[in-house]
Every structure is written in structure tokens, then in C-alpha cells.
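Structural description and commentary
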Amino acid sequence: LPRSPLPIQQQQSRHVQSFMCSVTHLPEQEQSPSAGAIFIIPLRSKSMAMIVVSGPASIQNSKEWLHWRALGIGASEAPIIMGKSKYSTAYELFRRRLGIGPSPPPNHYLETLRNRGKRLEPIARAAYERHTGKVVTPLIAISAINAIIRASFDGYDPFDNVPLEIKCPGAVAHAIALSGSVPDEYYDQVQQQIFVCGSTHGHYYSFDGTDGVLLEVARNQSRIDEILKAAEDFWHRLQLKVWSSNE
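Parameters and conventions
- Residues numbered from 1 in each chain as written.
- Predicted model: local features only at pLDDT ≥ 70, side-chain atom pairs only at ≥ 80, totals over all residues.
- Heavy atoms only, no water.
- Helix = DSSP H or I, 4+ residues; strand = E, 2+ residues; numbered from the N terminus.
- Contact = heavy atoms within 4.5 Å.
- Polar contact = N/O pair within 3.5 Å; in protein donor to acceptor, adjacent residues only side chain to side chain.
- Expected span 1.5 Å × (residues − 1).
- Bend = angle between axes of the 7 residues up to and from the residue.
- Buried < 20%, exposed > 50% of the residue type's maximum accessible area, 1.4 Å probe, protein only.
- Arc of directions from axis to C-beta.
- Axes fitted to C-alpha atoms, helices over the stretch in contact; angles between N-to-C directions.
- Parallel < 35°, antiparallel > 145°, perpendicular 65-115°, else oblique.
- Nonpolar A, V, L, I, M, F, W, Y, C, P; charged D, E, K, R; others polar.
- Lys, Arg positive; Asp, Glu negative; His and termini not counted.
- Salt bridge = Lys/Arg side-chain N within 4 Å of Asp/Glu carboxyl O.

1. With respect to the environment of Gln192
- Tracing the backbone through its elements, the reader meets Gln192 in helix H7 (residues 184–197).
- It is 9.3 Å that separates the C-alpha atoms of Gln192 and Arg223, two residues lying 31 residues apart in sequence.
- Leaving out residues up to four positions away in the same chain, Gln192 has contacts with Ile73, Gly74, Ala75, Ala78, Ile149, Arg150 and Ile227.
- A polar contact of 3.0 Å, which involves the side chain of Gln192, links it to the backbone oxygen of Arg150.

2. Comments concerning helix H5 (residues 108–132)
- Given a rise of 1.5 Å per residue, 25 residues ought to cover 36 Å, and the 34 Å separating the end C-alpha atoms of H5 matches this to within 8%.
- Along H5, the sharpest change in direction is near 45 degrees and occurs at Leu120; proline Pro122 comes one to four residues later.
- Buried residues along H5 sit against strand E7 (162–167), strand E8 (201–207) and strand E9 (212–218).

3. Description of helix H6 (residues 171–178)
- Every buried residue of H6 is listed here: Ala173, His174 and Ala177. The arc that holds every buried residue of H6, seen down its axis, measures 100 degrees, which confines them to one face. Seen from the open side of H6, the exposed residues pointing more than 90 degrees away from its buried face are Ala171, Val172 and Leu178.
- Just downstream of H6 lies Gly180, where phi reads positive at about 105 degrees.

4. Re the packing of H7 against helix H8 (residues 221–240)
- Contact geometry of H7 with H8 gives a least axis separation of 10 Å together with a crossing angle of 95 degrees. One element, H7, and the other, H8, form an angle in the roughly perpendicular class. Residues Tyr187, Asp188, Gln191, Gln192 and Phe195 of H7 touch H8, and the partners they reach there are Arg223, Ile224, Ile227 and Leu228.
- Partitioning the contact of H7 with H8 into residue classes produces 5 nonpolar, 2 polar and 2 charged.

5. What to know about the side chain of Asp157
- Topologically, Asp157 is positioned in strand E6 (residues 155–157).
- Although Asp157 is buried, it makes no salt bridge; Lys134 carries the closest opposite charge, 4.2 Å away.
- Excluding residues within four positions of it along the chain, Asp157 makes contact with Lys134, Val136 and Val162.

Here it is in C-alpha cells:
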């Protein structure tokens, strides 16, 4: 299976004790033909390093971001690959990633949720900061252990090394959060984020447009191991462009 194309030892040798450090280039396969090189900034967390992407690729949903994301497995894809998504199967994701077949029919309910989430996310992040007294920054990052494993953080606290996932979901998912649990369809996403930044826990913040509920999610190493195994298998299928031997 493809492993990290990044020279990890070289990256780690550049680390400094503070969060300030030099900027380096990604290997050629991680360069955007339309925007030149994508820059990365190695950061030292309390437990390990992660590679934080800067430049055009750090703008979520931009052309450069989509190019960068296609070179690995994003955290939001983890629930799909693990069979927890309500809206897509791993096979459907496989076909979408390779551009096989027609585009799926529009899901107006899902699009409404996504548009609502984009509109409310800055408001929710401000509410989270008021609730915690912390200032967080959206980040795009790559695991320093395996560079196909990636995450887009809605917020990141570099001092406590805590990733933040914000959801502005429907009433059912928000009610589950109010009861003290992360909805199943989001749990694996948070675990992949925890892995990428090497944290002991992450924050899940569910926001209904007015009020939010904050859940601390402990690192679940056994689940992370399952996610990594499934992600590598999925990535291997993508490279072969074959889902199963009889396809």
C-alpha cells in the first residue's frame, strides 16, 4: 500500500520548540499545476508533528484544496469508508473519486444541511470560543505518520493540541449531542482528526443556530487502527482503479 511520500525525518528535523518554523515545499506530486507549489508548515504538537498546509490549498472547497484532498483520504470520508454514513457507501465514494458513471442525483435535504453548515460555521466557532475562552483557527493538515491520512479542522487550538469539529446538523443529530453522545456518522471523522494532530482528545461542537453543546471525545486507538486499515485498503483500491477482483 502507498505510504507517506513525505520525507518525515527531514520534516521532523526542521521542527522547533515554538509553533514558528520555516516553510518548505511538498514533493512534486503534491504541487498544484494551477497555483504552483503548495506550501506546508510543520508544527510540533505535544505528542508528534503534523503537516499544516498553507497557501491556496488551505482554502476549503477551492480548486487547489480539492486537488490537495484528492491526494489522500480526508477525515470527512472516514465515516463513509467505515460504513457509518447515512448518505453514501464506500463503493459510491470510490466511483465518485474515480469519476466513474453519472453523478448521483441531487439530494436536496443534504445540500440544505451543507449550505446551512457553511453559513453557520463562523457563528458556531465564535460561540465555541466564548464557551471555552479559547481562540481556534481553521487548519488543513496531513498526518506526519502517513500522508494519505488528512484532515480539515474547523478549528485547532495549538496550545492544548485540540482539534475542533463543528456541526450544525438536523434536529435528530443535535438531540443526540445534547444527550452526551457524538452521532455515529461523525464519530470516525473526529477520531481521524485526533490521529492527524496526535492529540489525546478532540472537541465536537453541535450548534443549532442559537445554542451549542460541547463534547470532549477521547482518543480511541482501537477505532483509529480500524479507520487507518480501512483507509489504506480504500486508497489501494483507488490506485488500482478496481473495487473487487471480479469487477
